[in-house]
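Single-letter residue listing:
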Amino acid sequence: MNPQAKLIFIISLFLGTTITISSNHWVMAWTGLEINTLAIFPLISKSHHPRAVEAATKYFLVQATASTLVLFSSMTNAWYTGQWDITQLTHSTSSLILTAAISMKLGLAPFHFWFPEVLQGSPLTTGLLLSTVMKFPPITLLFMTSQSLNPSLLTILAILSVAMGGWMGLNQTQTRKIMAFSSIAHLGWMTIILIYYPKLTLLNFYLYALMTAAVFLTLNSMKVLKLSTLMTAWAKAPSLSTILLLTLLSLAGLPPLTGFLPKWLIIQELTKQDMAPAAMIISLLSLLGFFFYLRLAYCATITLPPHTTNHMKQWHTNKPINPSIAILTTLSIMPLPISPMLATLV
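Note that the structure is a prediction, hence the values are computed from the model and not measured.

K.L.:
Would you explain the environment of glutamine 83 in this entry?
P.N.:
Inspection of the secondary structure assignment puts glutamine 83 in the loop between α3 (50-81) and α4 (92-106). Overall, glutamine 83 belongs to the partly exposed group, its relative accessible area being 35%. Each C-alpha atom, one on glutamine 83 and one on tryptophan 26, is 9.5 Å from the other, the two residues being 57 residues apart in sequence. When near neighbours in sequence (up to four residues on either side) are disregarded, glutamine 83 contacts Asn77, Ala78 and Gln88.

Right, here's the structure in full:
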């Protein structure tokens with residue numbers, strides 16, 4: 001792709017995100033979402049491979065449907081209340097339609113069907129954008145309308161998302177699909193706490209974005225698209241494989257790494273809100289996701305391919321690690337372990 005065209009698309013992507021997260025009017029928020037969709041569309045289909053074109057088509061159809069529902073929801077609310085302000089979503093039917101629309105945009109179960117297929121058809125760098133930047137505007141809209149949404153519906157969607165993300169990720173051999181189901185499961189954790197503690201949803205999203213960015217950039221640096229390639233990566237780039245191991249364990253929520261922090265806080269808050277059964281269910285379901293993170297970590301660092309003499313040798317490379325990977329990995333694994341030390345210093 002032409003570098004100038006790519007720059008325009010990326011600038012448009014961040015412009016659309018900025019418009020949505022900074023707007024108070026529904027039409028402006030909708031405009032930002034549309035700019036986002038149109039900007040990411042060429043980045044998905046830039047390889048012109050049939051799978052990439054298919055992924056871009058699926059993405060466009062789902063996002064267009066979701067955007068239509070967002071506009072319909074806001075118009076219905078304005079019809080009944082006379083308010084176009086995002087925070088004034090008081091009509092019950094409008095809030096239900098909006099919940100369905102944002103769930104479709106994010107890829108929450110049961111509207112998750114498109115996300116793994118789109119991520120599988122996209123390059124790793126575009127997959128990173130789809131998993132992080134593209135989810136920020138819809139999360140912001142949920143944050144702004146959190147007081148008007150139905151708690152029971154969000155809890156059901158959240159538990160369903162964690163269950164589907166864990167179960168469907170178990171038998172995957174493609175790293176992009178595994179990351180897609182990981183994203184669906186994490187969105188479930190963000191959704192379940194949205195009504196009770198919206199700021200915790202944003203904290204969870206920020207930490208998820210950091211860890212996912214570290215994983216995607218590491219996979220991109222090692223050129224790993226499937227588990228069979230990952231099994232031979234240790235001989236080629238042991239330092240990157242070690243980084244991947246730590247980041248995956250943090251993404252799984254294993255203490256004392258930083259990924260444990262949002263899960264810990266969410267379980268604590270749910271217990272305070274007399275939702276101990278929901279906290280127990282979502283914690284047990286997250287063990288499914290923990291299994292496939294461990295599987296990825298095992299493939300990255302412990303497994304060697306069988307009959308190595310019959311394979312082309314993967315030579316060790318002395319190429320320096322990308323500084324952004326090092327910074328993101330440090331932010332993904334260190335803040336929680338060193339927080340007691342920081343507290344004593346303060």
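K.L.:
What's the story with α4 in this structure? I'm lost.
P.N.:
Because the α-helix completes a turn every 3.6 residues, residues three or four places apart line up on one side. Across its 15 residues, α4 extends 21 Å between first and last C-alpha, which sits within 8% of the 21 Å expected from 1.5 Å per residue. Across the 15 residues that make up α4, a large majority, eleven, are buried. Residues of α4 that are buried include every one of Ser94, Ser95, Ile97, Leu98, Thr99, Ala101, Ile102, Ser103, Met104, Lys105 and Leu106, and no others. Buried positions along α4 lie against α2 (26-44), α3, α5 (114-120), α7 (136-144), α8 (151-168) and α9 (175-192). Of the residues flanking the end of α4, it is glycine 107, one or two places downstream, whose phi is positive at about 95°.

K.L.:
I'm lost on the packing of helix α1 (residues 3-22) against α7 in this one. Help?
P.N.:
One way to put it is that α1 packs onto α7 with a least axis distance of 9 Å and a crossing angle of 0°. As summarised for this structure, α1 and α7 are arranged roughly parallel, according to the angle between their axes. Residues Thr17, Thr20 and Ile21 of α1 lie in contact with α7, whose contacting residues are Phe136, Pro137, Thr140 and Leu141. Residues that form the contact of α1 with α7 fall into these classes: four nonpolar, three polar and no charged.

K.L.:
Can you help me understand a nonpolar patch on the surface in this one?
P.N.:
There is a patch of nonpolar side chains on the surface, built from Met280, Ile281, Leu284 and Leu287 and spanning about 390 Å² of accessible area. For isoleucine 281, the location among the structural elements is in helix α15 (residues 276-301). Residue classification places isoleucine 281 among the partly exposed residues on the basis of a relative accessible area of 37%.

K.L.:
Before we go on, may I ask you to explain the UniProt feature "domain: NADH:quinone oxidoreductase/Mrp antiporter transmembrane" (unreviewed entry) in the chain in this structure?
P.N.:
Using the residue numbers shown here, the UniProt feature "domain: NADH:quinone oxidoreductase/Mrp antiporter transmembrane" (unreviewed entry) corresponds to residues 23-288. Taken end to end, residues 23-288 is 75% helix and 0% strand, and its first and last C-alpha atoms sit 38 Å apart.

So, how was this worked out
Residues numbered from 1 in each chain as written. Predicted model: local features only at pLDDT ≥ 70, side-chain atom pairs only at ≥ 80, totals over all residues. Heavy atoms only, no water. Helix = DSSP H or I, 4+ residues; strand = E, 2+ residues; numbered from the N terminus. Buried < 20%, exposed > 50% of the residue type's maximum accessible area, 1.4 Å probe, protein only. Contact = heavy atoms within 4.5 Å. Expected span 1.5 Å × (residues − 1). Axes fitted to C-alpha atoms, helices over the stretch in contact; angles between N-to-C directions. Parallel < 35°, antiparallel > 145°, perpendicular 65-115°, else oblique. Nonpolar A, V, L, I, M, F, W, Y, C, P; charged D, E, K, R; others polar. Patch = residues over 30% accessible without salt bridge, like charges linked within 9 Å, V, L, I, M, F, W, Y side chains within 5 Å. Areas by Shrake-Rupley, 256 points an atom, 1.4 Å probe, with all protein chains shown as cover. Salt bridge = Lys/Arg side-chain N within 4 Å of Asp/Glu carboxyl O. UniProt positions renumbered as here; feature names shortened; annotations may be inferred.

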